[in-house]
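Chains, contacts and geometry: an overview
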Amino acid sequence: MPLTPKAPGERRDDVVPMTPLRRRIAERLLSAKQNTAMLTTFNEADMGTVMELRKEYGEGFQKKYGMKLGFMSFFVKAVVQALQEIPQLNAEIRGTDIVYHRYYDIGIAVGGGEGLVVPVIRDADKLSMAQIEAVIADYGTRVREKKIKPEELMGGTFTITNGGIYGSLNSTPILNPPQVGILGMHAIVERPVARGGQVVVRPMMNLALSYDHRIVDGREAVTFLKRVKELIENPVRLALEV
């Protein structure tokens, strides 16, 4: 005997116009997919040493500077050093020319109420880790309060995005044109890895580098990401710049 279908409940759609910011984000993401030869390469980093440094010096850092020592300042420092060694990732295409930037304006993707925005840390190579953390904290506050200035979202040469704060384990970040590189950070997860012939449990983070294959070759992209990994796993090199 066939069952008598129940009367459907209320079914409705809410139609909400896109905000100007949301429309702009959509336009830029679509442009990146259509107008670049985007590829992504992956690696992983052992975050143990950075975590130990934050545990050992974090309290003193906060007392001295009034803010927490986050992961992002380590990655900004590592990215700048890797860009200095692999300048193809700190470039853009203008017509038939390749423009190599000799300054390092690093965009930091920040989630706001209307979507992801990317304020820029100007001259990041000239800033200390405390100064980088201060800029990031200021941007985060003003993005949430919708007080970020349009000019602060313009002109970056490379971008870092951290999906790990939302629990992402892996992703293929989309380029932020006209930039030709973007680094994706992900959640730190304890998992077994081989060390010296032994299996040990380490706090690991997956890293993803999306790049524009029109001017960045695979060798350069892989070398860049490997260099970031090396610097994060041995962060004393960030201070010594070796």
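Thresholds applied
- Along each chain, numbering runs from 1 in the same order as the chain's sequence is written.
- Only residues with pLDDT of at least 70 get local features here, since the model is predicted, and only at 80 or more are side-chain atom pairs given and counted; chain-wide, interface and lining totals rely on the full set of residues.
- Heavy atoms throughout the structure, all of them, feed into the side-chain values; hydrogens and water do not.
- UniProt positions are given in the numbering used here, feature names are shortened, and annotations may be inferred rather than shown by experiment.
- Note on aromatic pairs: the rings of Phe, Tyr and Trp (six-membered ring only in Trp) are paired at centre separations within 6.5 Å, and the planes decide the class, stacked below 30 degrees, edge-to-face beyond 60, tilted for the rest.
- Runs of H or I in DSSP of at least four residues are treated as helices and runs of E of at least two as strands, each being numbered from the N terminus.
- Here's how the labels work: a residue is buried when its accessible area is under 20% of the maximum for its type, exposed when over 50%, partly exposed in between, all with a 1.4 Å probe on protein chains only.
- A pair is scored as a salt bridge if a Lys or Arg side-chain nitrogen falls within 4 Å of a carboxyl oxygen belonging to Asp or Glu.
- Note on terminology: a nonpolar core comprises buried Ala, Val, Leu, Ile, Met, Phe, Trp, Tyr and Cys residues joined through side-chain atoms within 4.5 Å.
- The contact rule is simple, with two residues in contact once any of their heavy atoms fall within 4.5 Å.
- Expected span, for any helix, means 1.5 Å times one less than how many residues it has.

Going by an unreviewed UniProt entry, the protein chain carries the name Dihydrolipoyllysine-residue succinyltransferase and comes from Calidithermus terrae. Entered under Cofactor (unreviewed entry) in the UniProt record, the comment concerning the protein chain runs "(R)-lipoate".

**Topic: the packing of aromatic side chains**
Evaluated as defined, the whole model comprises two aromatic pairs. With a centroid separation of 4.8 Å and 50 degrees between ring planes, the pair formed by Phe-61 and Tyr-65 is classed as tilted. Linking Phe-61 with Tyr-65, this pair stays in helix H2 (residues 48-65), spanning four residues, or about one helical turn. For Tyr-65, a relative accessible area of 38% gives the class partly exposed.

**Things to note about the pattern of salt bridges**
Two side chains that carry opposite charge are able to pair once their charged atoms sit near each other. The full count for this structure, using the stated rule, is 14 salt bridges. The salt bridge involving Arg-142 is made with Asp-138; its shortest N-O contact spans 2.9 Å. Of the two residues, Arg-142 and Asp-138 are both situated in helix H4 (residues 129-144); the distance of four residues between them amounts to about one turn of the helix. Of the charged contacts in the structure, one is a salt bridge between Arg-214 and Asp-212, with a shortest N-O distance of 2.7 Å.

**Let's talk about the nonpolar core**
Counting 48 residues, the largest nonpolar core has Phe-75, Phe-158, Ile-160, Phe-224 and Val-228 as its most contacted members. For this core, the elements supplying multiple residues, two or more each, are H2, helix H3 (72-85), strand E4 (106-108), H4, strand E8 (158-162), strand E9 (181-185), strand E11 (198-212) and helix H5 (218-233). Broken down by element, this core gets its largest block of residues, nine residues, from H3. Once you skip the residues sitting within four places of it in the chain, Phe-224 turns out to touch Val-79, Ala-82, Leu-83, Ile-86, Leu-89, Phe-158 and Leu-209.

**Some points on H4**
Relative to the 22 Å expected for 16 residues at 1.5 Å per residue, H4 spans 23 Å between its end C-alpha atoms, a close match to the ideal helical length. Considered for burial, the residues of H4 that qualify are Ala-130, Ile-132, Glu-133, Ile-136, Tyr-139, Gly-140, Arg-142 and Val-143. After H4 finishes, the residue Lys-146 shows a positive phi value of roughly 60 degrees.

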